[in-house]
Amino acid sequence: MLLRAEELTKDYGRFRALDDLNLTIAPGEIFGLLGPNGSGKSTAIRLLLGFLRPTAGSATIAGHDCWHDSIAARREIAYLPGELRLYENMTGRQFIAFLSKLRGHPPTAEIDELARRLDIALDRPLVQMSSGMKRKVALLQVLAAHASLLILDEPTNTLDPTMRDQLLDQLKRARERGQAVLFSSHVLSEVEQVCDRVGILQRGRLVHLQKMVDLSEARSIRAYFAETPAKLPELPGLQLRNEEDHRLWLEYQGPLPPLLDWLARQPVVDLRIEPLGLAPIYHRYHGVEA
Amino acid sequence: MTRILFAKLLRDLRWPLLIVALLLGGFQCLWAKITQRIVAELLPEFLKVMRMGDLTGILFKGPGRLMQTLMGGETIALNSTLDMLTIGYVHPLMQTIFCVWAIGRASGAIAGEIDRGTMELLLAQPLARSRVVLAHLCIDILVIPILCLSLWAGTWLGTFLVGMLQFNAPVAPFQMGAAANSTG
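The rules we used
- Residues numbered from 1 in each chain as written.
- Chains lettered and ligands numbered in written order.
- Predicted model: local features only at pLDDT ≥ 70, side-chain atom pairs only at ≥ 80, totals over all residues.
- Heavy atoms only, no water.
- Domains from an automatic or database assignment.
- Contact = heavy atoms within 4.5 Å.
- Buried area = accessible area lost by both parts, 1.4 Å probe.
- Buried < 20%, exposed > 50% of the residue type's maximum accessible area, 1.4 Å probe, protein only.
- Helix = DSSP H or I, 4+ residues; strand = E, 2+ residues; numbered from the N terminus.
- Pairing = 2+ DSSP bridges.
- Axes fitted to C-alpha atoms, helices over the stretch in contact; angles between N-to-C directions.
- Parallel < 35°, antiparallel > 145°, perpendicular 65-115°, else oblique.
- Nonpolar A, V, L, I, M, F, W, Y, C, P; charged D, E, K, R; others polar.
- Disulfide = S-S within 2.5 Å.
- Salt bridge = Lys/Arg side-chain N within 4 Å of Asp/Glu carboxyl O.
- Polar contact = N/O pair within 3.5 Å; in protein donor to acceptor, adjacent residues only side chain to side chain.

Engineer: Quick question: what am I supposed to make of the domain arrangement of chain A here?
Structural biologist: Bring the parts together and some accessible area is lost; that lost area is often taken as the interface size. All names here are of chain A. In terms of domains, chain A is made up of domain 1 (3-214) and domain 2 (217-286). Distance between the C-alpha centres of domain 1 and domain 2: 37 Å. Every contact between the two is made by 16 residues of domain 1 and, on the other side, 11 residues of domain 2. Summing the contributions of domain 1 and of domain 2, the shared interface buries around 1100 Å²; its carbon and sulfur component is 66%.

Put into structure tokens, the structure is as follows:
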């Protein structure tokens, strides 16, 4: 495993910001960290970067302890901060060159190729760039670093939809190159689009781990009946989420034909079947009902 | 890595450093002219009507003693070109510029980097924190002598322009000191 966190815990005084995080990320995997503000996402990222000393537990990246051997661990990481602040007195090219040299890899011609693909005017001073353009420059620096693990804290903030798609495309390319990606986000659709696995944090605890491939087989079924069925069929993976006024909201993970057979025998007035997606799972922990 | 950081910090500081060095050097250059005016033109006129000891007695009487202390103490000789030039180095304007520089550096170096939010990006690189501190220390070790050199360069340029070093003071310093002792 490229990243391994074991019982990683961080307290700020009496407040527990991260509680017993156990997590692994393999090379070539995109992992999404979900959770509202204050759920511990940034604390987890800061612990991995060696900015904070864990209260308990440990984390390693490529075998290097994130606190005791943080420089070696950070050599494996390229990081895009959530609240982006760049050196405004530099041009994009100078900024990339500075950070590349700090990593011990002087910039190559690949930078220009990436800049062209991301539509960045590298020779413009950063102070004259929009926040979205600055984010693209910072993203370019992350992609050019050729690190084993890319950590992106809410990377699509301030990006327009076209750029957001380009960024997600770049993450997929990074996965193809064997790089792992850990990124936090509030936007469920983009997490669904690229992630292999997703972790949901709630008040510092990792409350749910979801393989996206499993989710692609799960469906949300909303059916409106003339008369509510007396009982549901006994199909493995079928759950009743809600029932209200002859309307049933079901979640189902399994082969469709048996369920469709049962529905065909019921007085169905209206029916909607769609991929389950992350939203119902996320709202289970962070929605109004949570 | 420290070298790369050092080069970046020096690049960041180059304009403020140039401006402050020009200010300091310019003031010393001007002070050389002021010294020349005092020692070569004003003082001889005063000495036509009073003795050196009487003049220093008037100037450094009461609160003036504080000024005398700031200027270099009881051994300062107003008719000595070199003594007058040294006053330029302890002049309140010099002190103020150096204080502003020191406060600006102290607040702008590490704390400023944190305040601007760029420290997070910097520390995310495979870089020891001590390297960041070392780079800032190296900058100060380089920059402070540059500022001192700018003072000396200003004095040198000023004395070169006014030709003061060839000037013969009307009263030799030891004579003035003797006069001051006799009055005081």
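Engineer: Is there a simple way to think about the pairing of strand β9 (residues 197-202) of chain A in this case?
Structural biologist: Two faces belong to every sheet, and in a regular strand the side chains alternate between them. Residue and element names in this part refer to chain A. Here β9 lies mainly inside the structure; six of its six residues are buried. Side chains Arg197, Gly199 and Leu201 project from β9 onto one buried face, and the interleaved Val198, Ile200 and Gln202 project onto a second face that is buried too. Note: strand β3 (residues 30-34) against β9, four bridges, orientation parallel. Each residue of the ladder has a partner; that of Leu33, found in β9, is Gly199. Summarising the sheet, β9 and strand β10 (residues 205-211) pair through six bridges and their orientation is antiparallel. In the sheet register, Leu201 faces β10, and the bridge partner there is Leu206.

Engineer: Hey, could you run me through the packing of helix α1 (residues 2-49) of chain B against helix α5 (residues 92-108) of chain B in this one?
Structural biologist: Packed helices, taken two at a time, are described by the angle their axes make and the gap between the axes. Residues and elements named next belong to chain B. The geometry of α1 relative to α5 is characterised by a closest axis approach of 10 Å and an angle of 170° between their N-to-C directions. If you check the angle between α1 and α5, you find them roughly antiparallel. Of the residues in α5, those touching α1 at Leu13, Pro16, Leu17, Val20, Leu23, Leu24, Phe27 and Gln28 are Leu93, Met94, Ile97, Phe98, Trp101 and Arg105. Looking at the contact of α1 with α5, its residues break down into 12 nonpolar, one polar and one charged.

Engineer: I would appreciate a short explanation of the state of the cysteines in the present structure.
Structural biologist: Such a bond, covalent and formed between the sulfur atoms of two cysteines, is termed a disulfide. Evaluation of the coordinates by the stated rule reveals zero disulfides over all chains. Free of any disulfide, Cys66(A) has its nearest cysteine sulfur in Cys195(A), 20 Å distant. What makes Cys66(A) buried here is its relative accessible area of 2%. The thiol of Cys138(B) is not disulfide-bonded; the next cysteine sulfur, from Cys148(B), is found 17 Å away.

Engineer: Please explain the interface of chain A and chain B as it appears in this structure.
Structural biologist: Facing 22 residues of chain A, the contacting portion of chain B comprises 20 residues. Approximately 2100 Å² of surface area, both sides summed, lies buried where chain A meets chain B, with 61% of it carried by carbon and sulfur atoms. Our count for the contact surface shared by chain A and chain B stands at one salt bridge. Measuring nitrogen to oxygen at the nearest pair gives 3.5 Å for the salt bridge that ties Arg46(A) to Glu120(B). The tally of links between chain A and chain B comes to 11 residue pairs in polar contact (both at pLDDT 80 or more). Elements that contribute at least two residues to the side of chain A that touches chain B include exactly α2 (70-75) and α3 (92-102) of chain A. Here the element with the most residues in the side of chain A that touches chain B is α3(A); it accounts for six residues.

Engineer: Mind showing me how you'd approach helix α10 (residues 279-286) of chain A here?
Structural biologist: The α-helix advances 3.6 residues per turn, and as a result positions three or four apart in sequence lie on the same side. Inspection of α10(A) places Pro280(A), Ile281(A), Tyr282(A) and Tyr285(A) among the buried residues, and these make up the whole buried set. Close packing links the buried residues of α10(A) with β3, α7 (188-194), β9, β10, α8 (212-216) and β13 (247-253) of chain A.

Engineer: Explanation requested: the sheet that holds strand β14 (residues 268-275) of chain A in the structure shown.
Structural biologist: Strand pairing in a sheet takes place through backbone hydrogen bonds and is either antiparallel or parallel in direction. All names here are of chain A. Read from one edge to the other, the open sheet built from four strands follows the order β12-β13-β11-β14, with strand pairing classed as antiparallel. Either end of the sheet is taken by a strand with one partner, and the two such strands are β12 (238-244) and β14. Sheet twist, expressed as the average angle between the axes of neighbouring strands with direction ignored, equals 15°. Bridge count between β12 and β13: six bridges; the pairing is antiparallel. When the bridges of β13 are listed, Asn242 appears paired with Trp249. Helix α9 (residues 256-264) rests against β11 (218-225), β12, β13 and β14 of the sheet, and its axis sits at about 5° to β11.

Engineer: How should the side chain of Thr43(A) be read in this particular structure?
Structural biologist: For Thr43(A), the position within the fold is in helix α1 (residues 41-48). Beyond its immediate sequence surroundings of up to four residues, Thr43(A) is in contact with Lys10(A), Tyr12(A), Ala17(A), Leu18(A) and Leu52(A).

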